[in-house]
Amino acid sequence: MANMKFRPLYDRVLVERLESEEKTAGGIIIPDTAKEKPMQGLVVAVGNGTKSEKGDVVPLQVKAGDKILFGKWSGTEIKLEGKDYLVMKESDIMGIFE
């Protein structure tokens, strides 16, 4: 993603959704119309952070490359260079997979 020409501002994060499974644990294939949007993603880019009351910049806890979990309705969908992404605030992220 080094050539991407988009940088989120402040506490916003650019996320690429990770695709959900095509089959259930029992082997049943899930059609596209029945699939829920995945709630896991890969952080592509992050903003510089927010300013504290003292005026200091507080960096974000997530970084590019982190695999995250977020709410079902989190973020704003955008299309960059032909790919779908989400832009969301760091506070919409529930956790980081380690």
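Now for a description of the structure that goes with this document. Just so we're clear, the structure is a prediction, and the values are computed from it rather than from any experiment.

1. Topic: the overall build of the chain
A count of helices and strands for the chain gives zero helices and eight strands. Taking the intrachain contacts of the chain between residues at least 6 apart in sequence as the baseline, contacts between residues at least 24 apart amount to 63%. Carbon and sulfur atoms make up 53% of the accessible area of the chain, which totals about 7100 Å².

2. Topic: the pattern of salt bridges
This structure, assessed with the given rule, holds five salt bridges. The salt bridge partner of Asp66 is Lys63, with a shortest N-O separation of 3.1 Å. The exposure class of Asp66 is buried, given its relative accessible area of 9%. We classify Lys63 as exposed; its relative accessible area is 52%. Across the pair Asp84 and Lys79 runs a salt bridge, and its minimum N-O distance is 3.5 Å. For Asp84, a relative accessible area of 53% gives the class exposed.

3. Here's the deal with the nonpolar core
Counting 10 residues, the largest nonpolar core is built from Val13, Val15, Val43, Leu60, Val62, Ile68, Phe70, Leu86, Met88 and Ile93. Going through the elements one at a time, strand E1 (12–17), strand E5 (67–70) and strand E7 (83–89) are the ones with two or more residues in this core. Non-local contacts of Val62, meaning those with residues more than four positions away in its chain, are made with Val13, Val46, Ile68, Glu90, Ile93 and Ile96. By size, the runner-up hydrophobic cluster in this structure holds six residues, among which are Leu14, Ala45, Tyr85 and Val87.

About the cut-offs
- Residues numbered from 1 in each chain as written.
- Predicted model: local features only at pLDDT ≥ 70, side-chain atom pairs only at ≥ 80, totals over all residues.
- Heavy atoms only, no water.
- Helix = DSSP H or I, 4+ residues; strand = E, 2+ residues; numbered from the N terminus.
- Contact = heavy atoms within 4.5 Å.
- Areas by Shrake-Rupley, 256 points an atom, 1.4 Å probe, with all protein chains shown as cover.
- Salt bridge = Lys/Arg side-chain N within 4 Å of Asp/Glu carboxyl O.
- Buried < 20%, exposed > 50% of the residue type's maximum accessible area, 1.4 Å probe, protein only.
- Core = buried A, V, L, I, M, F, W, Y, C linked by side-chain atoms within 4.5 Å.

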